[in-house]
Amino acid sequence: MTKAELVEKVSQQINLTKKQTEVVVNTVFQSITESLAQGKKVELRGFGSFRVRSRNARVGRNPKSGARVEVPAKKVPFFQAGKELRELVDGNEFDEEIEMEMD
Amino acid sequence: MAHEQGTVVKADLVDHVYERVGFTRSEALNAVEVILEEIKTALGRGENVRIVGFASFNLRHKNARRARNPKTGEPITIQPRTVLTFKPSRHLLEATNRSPHESDHTG
């Protein structure tokens, strides 16, 4: 699903035009982005939580040339799905049958 | 926003929508819920979700594998499963690395 498709589905449910809905959708993601940029974590019950992890600077290597390169410290946003979402996602069986049983 | 400092919860997002979009609080709450619900539904159907300018939520299928309980050394089978991975967009990575209030630059 793309953002445009999300906007379309949401607009049907909240009875706003796509244009208005897009503003709302953008506001939500912008708000999460700003919070993370300020070093805050975002916890959405029933969905999951977004946090920022710091990665130290390190010396890496260019895989092609083998040359050493300085990789600067950076802050990486990550997401941990809540239990409900994890279970929901794990319910997809991708056309495969899961027939293993524990015990 | 009377929550633990440093943690943003759904009510705070609702407040942002309320302040910036001109909805009532209940309309804003409903909009936030519907957005999260639609993302969940798509993932539940097995679709990846890609929000340009934010991130993608991708599903990854993991095959069954044998492993060991690291404590007891007992062999176990890990069931095939589907996990969710998160890939931040370039825009989001740039935002978290701008660090305007950070004092951790050298000097």
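Draft legend 1. Structural detail: the domain arrangement of chain B. Residues and elements named next belong to chain B. Segmenting chain B into domains produces domain 1 (1–46) and domain 2 (48–101). Between the C-alpha centres of domain 1 and domain 2 the distance comes to 23 Å. On the domain 2 side, the residues contacting the four residues of domain 1 number five residues. In total, domain 1 and domain 2 occlude about 400 Å² of area from one another, counting both sides; carbon and sulfur atoms represent 87% of this. Among the residues of domain 1 in contact with domain 2, Ile39, Leu43 and Gly46 are the three that bury the most area, contributing 91% of the side total. For the pair domain 1 and domain 2, the interface holds zero salt bridges.

Draft legend 2. Up close: the nonpolar core. By size, the foremost hydrophobic cluster in this structure holds 41 residues, and its most contacted members are A:Ile32, A:Phe50 and B:Phe54. The biggest single contributor to this core is helix H2 (residues 25–44) of chain B, with nine residues. Of the domains in this structure, domain 1 (1–46) and domain 2 (48–101) of chain B are the two that each give at least three residues to this core. In this structure, B:Phe54 is in contact with A:Phe29, A:Ile32, A:Thr33, A:Phe50, B:Phe86, B:Pro88, B:Ser89 and B:Leu92, ignoring residues within four places of it in sequence.

Draft legend 3. Layout of the sheet that holds strand E1 (residues 41–44) of chain A. Pairing is mixed in the open sheet, where four strands are placed in the order E5(A)-E2(A)-E1(A)-E1(B). In the strand order of this sheet, the two ends are held by strand E5 (74–81) of chain A together with strand E1 (7–9) of chain B, each with one partner. Across the sheet, the mean angle separating the axes of adjacent strands is 25 degrees when strand polarity is ignored. For E1(A) and E1(B), the ladder comprises three bridges, and the chain directions are parallel.

Draft legend 4. Focus on the packing of helix H1 (residues 3–14) of chain A against helix H2 (residues 18–37) of chain A. All names here are of chain A. Running from N to C, H1 and H2 point in directions that differ by 115 degrees, and their axes come no closer than 9 Å. Judged on the interaxial angle alone, H2 and H1 are roughly perpendicular. In this structure, H1 meets H2 at a crossing whose hand is right-handed. Two secondary-structure elements touch here, H1 through Lys3, Leu6, Val7, Glu8, Val10, Ser11 and Ile14 and H2 through Lys18, Thr21, Glu22, Val25, Asn26 and Phe29. Across the contact of H1 with H2, the residue classes break down as six nonpolar, three polar and four charged.

Draft legend 5. Broad picture of the interface of chain A and chain B. Counting residues at the interface gives 51 residues for chain A, matched by 54 residues for chain B. Interface area for chain A against chain B, summed over the two sides, is near 4,900 Å², with a carbon-plus-sulfur share of 69%. Summed over the shared surface of chain A and chain B, the number is two salt bridges. Linking A:Glu34 and B:Arg20 is a salt bridge whose minimum nitrogen-to-oxygen distance equals 3.0 Å. Our enumeration of links across chain A and chain B arrives at 16 residue pairs in polar contact (both at pLDDT 80 or more). A breakdown of the residues in the side of chain A that touches chain B according to their chemical character gives 30 nonpolar, nine polar and 12 charged.

Draft legend 6. Quick peek at the environment of B:Ala31. Tracing the chain through its elements places B:Ala31 in helix H2. Separated by 23 residues in the primary sequence, B:Ala31 and B:Phe54 have C-alpha atoms spaced 18 Å apart. Once residues within four sequence positions are removed from consideration, B:Ala31 is found in contact with A:Ile14, A:Val24 and B:Phe23.

Draft legend 7. Seen up close, the pairing of E1(A). Residues and elements named next belong to chain A. Here E1 shows a buried face lined by Val42 and Leu44 and an unburied face lined by Lys41 and Glu43. Across three bridges, the pairing between E1 and strand E2 (residues 48–55) is antiparallel. Along E2, the bridge assignment pairs Leu44 with Gly48. The turn linking E1 back onto E2 is made up of three residues, and Gly46 within it adopts a positive phi angle of 85 degrees.

The rules behind each value
Residues numbered from 1 in each chain as written. Chains lettered and ligands numbered in written order. Predicted model: local features only at pLDDT ≥ 70, side-chain atom pairs only at ≥ 80, totals over all residues. Heavy atoms only, no water. Domains from an automatic or database assignment. Contact = heavy atoms within 4.5 Å. Buried area = accessible area lost by both parts, 1.4 Å probe. Salt bridge = Lys/Arg side-chain N within 4 Å of Asp/Glu carboxyl O. Core = buried A, V, L, I, M, F, W, Y, C linked by side-chain atoms within 4.5 Å. Buried < 20%, exposed > 50% of the residue type's maximum accessible area, 1.4 Å probe, protein only. Helix = DSSP H or I, 4+ residues; strand = E, 2+ residues; numbered from the N terminus. Pairing = 2+ DSSP bridges. Axes fitted to C-alpha atoms, helices over the stretch in contact; angles between N-to-C directions. Parallel < 35°, antiparallel > 145°, perpendicular 65-115°, else oblique. Left-handed = near helix turned anticlockwise from the far one by under 90°. Nonpolar A, V, L, I, M, F, W, Y, C, P; charged D, E, K, R; others polar. Polar contact = N/O pair within 3.5 Å; in protein donor to acceptor, adjacent residues only side chain to side chain.

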